Amino acid sequence: MAEAIDIRELNERIERHSAFVTNLVTGMNQQIIGQKHLIESLLIGLLSDGHVLLEGVPGLAKTKAIKTLASLIDAQFSRIQFTPDLLPADIIGTMIYSQQDGKFVSKKGPVFANFVLADEINRAPAKVQSALLEAMQERQVTLGNETFLLPKPFLVLATQNPIEQEGTYPLPEAQVDRFMLKVIIDYPKLEEEKLIIRQNIAGGKSEVRPILRTQDITEAREIVRQVYLDEKIEQYIADIVFATRYPEKYGLKELKDYISFGGSPRASINLALASRAYAFIKRRGYVIPEDVRAVAHDVLRHRIGLSYEAEASNVTSEEIISKILNSVEVP
Amino acid sequence: MNKKYLILLLLFSISMMASAQVTVDASIDTLLIRVGEQTKIHLQVSMDAGANYDFPQFKDTIVAGVECLEVSEPSVTELNDGKRILVSKDYLVTSFDSGHYFLPPLEVLVDQKPYVSKSLSLKVFSVDVDVTKPNEFFGPKDVMDAPFEWEDWALIFWLSILLIPMIGLCAYLVIRFRDNKPIIRHIKLAPKLPPHQKAMNEIQAIKSEKRWTPEDSKEYYTRLTDALRNYIKDRYGFNATEMTSSEIIEHLTSEKDEKALDELRQLFQTADLVKFAKYYTQINENDMNLVNAVEFINQTKVEVDPAELNKEQEMTVEEKRSRAVKFSLLAGIIILSILSVVAIGCIGKEIYELCF
């Protein structure tokens, strides 16, 4: 076999630097039973510097998974419970008058952390959501006349509940697009459910200790950026995103009426980034079509606007993505 | 006694006469009309049912100066439980000369016997003209155009519509004639190759096309895997071209021994490395994978009966549609030609009748 040296060297580096992935997964598995997809998605977000929105009914360990991940990393973690009376200042901070000094001093909010858990993000009004989403996009916060950079890595992991929609403020499409992944959490399997019962009734929680430094994540991110993405894969990603916009060009004329708007260029970028991170998790220095398909649902499901016809016909974005993936030719 | 017989005979004769009686009655709507006005003469004949009758026929005039414009069809009403009938007929009359006209009794033949009605009279008077007001005199009106009647033109219209396709057809025939082409193009269908034959041809083409260098590995494996994917798609019926390598292997595992797929798996893995990871292979490795591909095809191919191959291939939907269209076109040409000839004849006849 002739050697492609750059890829081989990259593979070796990935092998060296991705050992923490196993440790992280093991650490997560000690606390969370099952939910392999959730753990993988959190790792993708962590490695590709993309925020993650988790959606699932209560009790599926969404918050626990995020807290565990944050605990496994030696980094600042803050949790914000979104409520209808929350104010933007409760998130980003505010200026407080100091009587001692006779001037205003900035009081930083909980957003100044490496990992921010925005629990039940759809419970707070749009003004509060946009304050957080602005910080997510700009990675900086302005208080008074001063602009503060947010720490690196900065990752927002938000949760929302698909039920009990009364009194909630659903994230607008433009804002939900800021999240790299929208992960739908499903119920655990029967065997997993039994393990969960066993683990919880046994009592005595195992302590979660940090096993990773923020610097390790920064280095891993650097390697993820070097994961080779062939132009054939670029074409495949572009084809998938284009098929969400112009399904008729890909032999999916029946989807045209169901889609009011397709994925933006941000969808293509995030699909490529997430595919790279997935390839890294799988200890590969290059992206293959499997990687793209593995992350396509999480990257695209919140970026496809459904039309009234789709809602009337009970067609979901999941079905649309599946049809697109089954119709676009794999390189 | 003789008197009694005489009275009975008289009564019998009277009743017989009454039963065979024919009465003719004539009346006129109005006795006074102005010049050019019209009125109706009603002629009624009462007779036994079954009798033959013949009403008077007027060609133009009843008497000099009184014109008969229209004669209605006789209307028959049954009387006395169908034993007798009452036949009515109307005559529309007018006059263009003022005067007092005597209309003689109208004669009706019943069973060849003449019966007459009473005579009638008709007074026709002219319109008074006030000569002191000459500005109220109007000249004669122009000849009026006959009103448009759709019925007169409907046939011509619809037949003209029919002529449009004929003109199109003529244009098509003219073009085909000008280009020296047959009216209907005949398509000779080449025999369709079985999936394994197609794949083998493609592999043969890859093999013989050029001398593959390690730098050409990407193109080489892209073509090789495309040939295999298309073969698997046609052979097993699942959309292998839209599946990843591992998905294809997974699908095949359910149909084939997993061990037998090892070489194919190896081939796809190498192809993925070449296509997506800048991996370069040696020529002998390419040859080995080519042999593996051929072996896989040979192991999994479904032999086709040679007699089947000689038969005309099964047509694709597009081909069937194309042939159906051509058949419809030919039938259409024949039907339209016949219809058009008939249409032209009818149009000519109608126009001639309207104009002359």
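Owing to the predicted nature of the structure, the values given are computational and were not obtained by experimental measurement. (Residues numbered from 1 in each chain as written. Chains lettered and ligands numbered in written order. Predicted model: local features only at pLDDT ≥ 70, side-chain atom pairs only at ≥ 80, totals over all residues.)

1. So, the overall build of chain B
Looking only at helices and strands, chain B features nine helices and 12 strands. Burial status across chain B gives 15% buried among its 356 residues. (Helix = DSSP H or I, 4+ residues; strand = E, 2+ residues; numbered from the N terminus. Buried ≥ 20, exposed ≤ 12 C-beta atoms within 10 Å, placed from the backbone.)

2. Examining the overall build of chain A
The number of helices and strands found in chain A is 14 helices and 13 strands. Classification of the 331 residues of chain A by burial places 41% in the buried group. Looking at chain A alone, contacts between residues at least 24 apart form 81% of all its contacts between residues at least 6 apart. (Contact = placed C-beta atoms within 7 Å.)

3. Some remarks on the nonpolar core
Among the nonpolar cores identified, the biggest contains 122 residues, and Leu132(A), Ile240(A), Leu271(A) and Ala274(A) are the most heavily contacted of them. For this core, the element with the most residues is helix H11 (residues 265–281) of chain A, which contributes 10 residues. Residue contacts for Ala274(A): discarding those within four places in its chain leaves Ile44(A), Ser48(A), Gly50(A), Met180(A), Leu181(A), Val295(A) and Val299(A). In this structure, Val24(B), Val66(B), Tyr91(B) and Val124(B) belong to the second largest nonpolar core, which totals 13 residues. (Core = buried A, V, L, I, M, F, W, Y, C linked by C-beta atoms within 7 Å.)

4. Digging into the interface of chain B and chain A
With 17 residues of chain B at the contact, the number on the chain A side is 22 residues. In terms of residues, the side of chain B that touches chain A owes the most to one element, helix H6 (residues 262–276) of chain B, which gives three residues. Grouping the amino acids of the side of chain B that touches chain A by side-chain chemistry returns six nonpolar, six polar and five charged. (Nonpolar A, V, L, I, M, F, W, Y, C, P; charged D, E, K, R; others polar.)

5. A few points about the sheet that holds strand E11 (residues 113–116) of chain B
Residue and element names in this part refer to chain B. One open sheet holds the three strands; their spatial order is E4-E10-E11, and the pairing between them is antiparallel. This sheet does not close on itself; its edge strands, each paired only once, are strand E4 (53–54) and E11. Note that E4 and strand E10 (residues 107–110) share two bridges and pair antiparallel. The residue bridging Asp54 from the neighbouring strand is Leu109, located in E10. (Pairing = 2+ DSSP bridges.)

6. Structural notes on helix H14 (residues 317–327) of chain A
Structural remark: α-helix, 3.6 residues per turn; residues separated by three or four positions point the same way. Restricting attention to buried positions, one finds in H14(A) the residues Ser317(A), Ile320(A), Ile321(A), Ile324(A) and Leu325(A). Taken around the axis of H14(A), the buried residues stretch over an arc of 130°, which confines them to a single face. (Arc of directions from axis to C-beta.)

7. Considering the packing of helix H10 (residues 231–245) of chain A against H14(A)
Any two packed helices are characterised by the angle at which their axes cross and by the distance between the axes. Residue and element names in this part refer to chain A. Across the interface, H10 lies against H14 with an axial gap of 10 Å and an inter-helix angle of 130°. Classified by the angle between their axes, H10 and H14 sit oblique to one another. Crossing hand, H10 versus H14: right-handed. Seen from H10, the contacting residues are Ile240, Ala243 and Thr244; seen from H14, they are Ile324, Leu325 and Ser327. (Axes fitted to C-alpha atoms, helices over the stretch in contact; angles between N-to-C directions. Parallel < 35°, antiparallel > 145°, perpendicular 65-115°, else oblique. Left-handed = near helix turned anticlockwise from the far one by under 90°.)

8. Digging into the pairing of strand E3 (residues 38–48) of chain B
All names here are of chain B. Note: strand E1 (residues 23–28) against E3, six bridges, orientation antiparallel. Bridging across to E3, Ile28 finds its partner in Ile41. Where E3 and strand E8 (residues 84–95) come together, 11 bridges link them in antiparallel fashion. Within the sheet, the bridge partner assigned to Met47 lies in E8 and is Ile85.

9. Focus on the environment of Leu47(A)
Residues and elements named next belong to chain A. Along the chain, the position of Leu47 falls in helix H3 (residues 36–47). In this structure, the C-alpha to C-alpha distance between Leu47 and Ile281, residues 234 residues apart in sequence, is 9.0 Å. Apart from residues lying up to four places away in sequence, Leu47 is in contact with Ala220, Arg221, Val224, Ala277 and Phe280.

10. Quick notes on the sheet that holds strand E1 (residues 52–55) of chain A
Residues and elements named next belong to chain A. In space, the five strands of this open sheet follow the order E3-E6-E9-E1-E10, with parallel pairing throughout. Taken across any chain shown, the strands that pair with only one partner, and hence form the sheet edges, are strand E3 (77–81) and strand E10 (181–184). Averaged over all adjacent pairs, the angle separating strand axes in this sheet is 15°, with direction ignored. The sheet contact formed by strand E6 (residues 115–119) and strand E9 (residues 155–160) spans four bridges and is parallel. Paired with Leu117 across the strands is Leu157, a residue of E9.

11. Quick look at unusual backbone geometry
Residues and elements named next belong to chain A. Omega for the peptide link from Lys152 to Pro153 comes to -5°, which places this bond in the cis form. Along the polypeptide, Pro153 turns up in the loop between strand E8 (146–149) and E9. In the Ramachandran plot, Arg283 falls in the positive-phi region, its phi being about 60° despite a non-glycine side chain. Tracing the backbone shows Arg283 in the loop between H11 and helix H12 (289–300). Although it is not a glycine, Asn314 sits at a positive phi angle of roughly 60°.

12. Notes on the environment of Arg245(A)
Residues and elements named next belong to chain A. Topologically, Arg245 is positioned in helix H10. Expressed as a C-alpha distance, the spacing of Arg245 and Gly305, which sit 60 residues apart in the sequence, is 9.9 Å. Apart from residues no more than four positions distant in its own chain, Arg245 is found in contact with Gly262 and Gly263.

13. Concerning the environment of Ile163(A)
Residue and element names in this part refer to chain A. The topology assignment puts Ile163 in the loop between E9 and helix H7 (173–176). A tally of 9 C-beta atoms within 10 Å means that Ile163 is categorised as exposed. Taking the C-alpha atoms as reference, Ile163 lies 8.8 Å from Pro58; in sequence the two are 105 residues apart.

14. Overview of helix H2 (residues 150–178) of chain B
Between its terminal C-alpha atoms H2(B) stretches 41 Å, which fits the 42 Å expected from 29 residues at 1.5 Å a residue. A positive phi of about 55° marks Asn180(B), the residue just after H2(B). (Expected span 1.5 Å × (residues − 1).)

15. Looking at the confidence of the model for chain B
Averaged over every residue, the pLDDT of chain B is 81; the share at 70 or more is 85%. Complex prediction metrics read pTM 0.64 and ipTM 0.76. (pLDDT = per-residue confidence, 0-100.)

16. Some thoughts on the confidence of the model for chain A
Residue and element names in this part refer to chain A. Averaged over every residue, the pLDDT of chain A is 86; residues scoring 70 or more account for 97%. Summarising per-element confidence for chain A, the mean pLDDT is lowest in helix H1 (residues 5–17) (75) and highest in H10 (93). In this model residues 1–5 is a low-confidence stretch, pLDDT under 50, and it forms 12 contacts with partners more than four residues away in sequence or in other chains.

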